[in-house]
Amino acid sequence: DLLGISCVAGNVPLDLTSKNARIICELAGKTDIPVYAGCDRPLGRALVTAEHVHGRTGLDGPDLPDPAMPLAPGHAVDFIIDTLRKEPAGTVTLCPIGPLTNIATAFKRAP
């Protein structure tokens, strides 16, 4: 079960990663999965993006529609903390595919 998606600034700024995650959820028919916006920059330095690799939107290439589904309420870091506290120990696997800023911030806030 996919409990939620935690977006973070990385190859493109947070507003675009959050938008892209919702676009992909809609294209996959998975609009029941909550998408949370998280940290908008790394912990110890300025954000460096990679539009030169991934395009201006992070998903350049196909003509993709804007998402209709809203972001889930709340911050992605709070979602991570709340989920890990609520679910039985050892039953949640974090699968990061981008910067680890949200996870690091969650561990700093709730060690």
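For every chain, the first residue of the written sequence is number 1, and numbering continues from 1 along that sequence. Only residues with pLDDT of 70 or above have their local features reported here, since the model is predicted, and side-chain atom pairs are shown and tallied only from 80 upward, although totals for entire chains, interfaces and linings are computed over all residues. The basis for every side-chain value is the complete set of heavy atoms in the structure, and neither hydrogens nor water enter the calculation.

A. Structural context of the overall build of the chain. The number of helices and strands found in the chain is 4 helices and 2 strands. Per the convention used, a helix needs a DSSP run of H or I reaching at least four residues, while a strand needs a run of E reaching at least two, with both numbered from the N terminus. Reading the chain from its N end, one meets helices and strands in the order β-α-β-α-α-α. In terms of overall dimensions, the chain is globule-like: its C-alpha atoms have a radius of gyration of 14 Å, near the 13 Å expected for 111 residues. A principal-axis box enclosing the C-alpha atoms of the chain has dimensions of 40 × 35 × 20 Å. Per-residue and other accessible areas were derived by the Shrake-Rupley procedure at a 1.4 Å probe size, with only the shown protein chains allowed to occlude residues. Entry remark: accessible area of the chain is about 7100 Å², with carbon and sulfur atoms responsible for 56%. With 10 positive and 12 negative side-chain charges, the chain shows a separation of 7 Å between the mean positions of the two kinds. What the globule rule says is 2.2 Å times the number of residues to the power 0.38, and the radius of gyration is computed from C-alpha atoms. When charges are counted, neither His nor the chain ends are considered; positive counts come from Lys and Arg and negative counts from Asp and Glu. The atoms used to mark charge sites are NZ of Lys, CZ of Arg, CG of Asp and CD of Glu.

B. Seen up close, the pattern of salt bridges. Salt bridges are identified by distance alone: a Lys or Arg side-chain nitrogen within 4 Å of an Asp or Glu carboxyl oxygen. Overall, the coordinates contain 4 salt bridges when judged by the stated rule. Between Arg109 and Asp78 there is a salt bridge whose closest N-O contact spans 3.2 Å. Note that Arg109 is positioned in helix α4 (residues 101-109) and Asp78 in helix α3 (residues 76-86), a separation of 31 residues in sequence. For Glu87, the salt bridge identified is with Lys86, shortest N-O distance 3.9 Å. With a 1.4 Å probe rolled over the protein chains alone, any residue whose accessible area is under 20% of its type maximum counts as buried; one over 50% counts as exposed, and the rest are partly exposed. Among the residues examined, Glu87 registers a relative accessible area of 25% and is labelled partly exposed.

C. Region of interest: α4. Buried residues of α4: Thr101, Asn102, Ile103, Thr105 and Ala106, and no others. Here a residue-residue contact requires only that any non-hydrogen atoms of the pair lie within 4.5 Å. Lining the buried residues of α4 we find β1 (5-7) and α3.

D. Here's a closer look at the side chain of Arg22. Along the chain, Arg22 turns up in helix α1 (residues 14-27). Here Arg22 is buried and forms no salt bridge, its nearest opposite-charge partner Glu26 lying at an N-O distance of 6.5 Å.

E. Structural view of the side chain of Ser18. Turning to its location among the elements, Ser18 is positioned in helix α1. With residues near it in sequence (within four places) discarded, Ser18 still touches Cys7, Val35, Ala37 and Leu71.

F. Just the packing of aromatic side chains, in detail. Pairing of aromatic rings covers Phe, Tyr and the six-membered ring of Trp, with a centre-to-centre limit of 6.5 Å; geometry is then stacked below 30 degrees between planes, edge-to-face above 60, and tilted otherwise. Summed over all chains, the structure comprises 1 aromatic pair. Pairing Tyr36 with Phe79 gives two aromatic rings, centres 4.3 Å apart and planes at 15 degrees, and the pair type is stacked. Remark: Phe79 occurs in helix α3 and Tyr36 occurs in strand β2 (residues 35-37); sequence separation between them is 43 residues.

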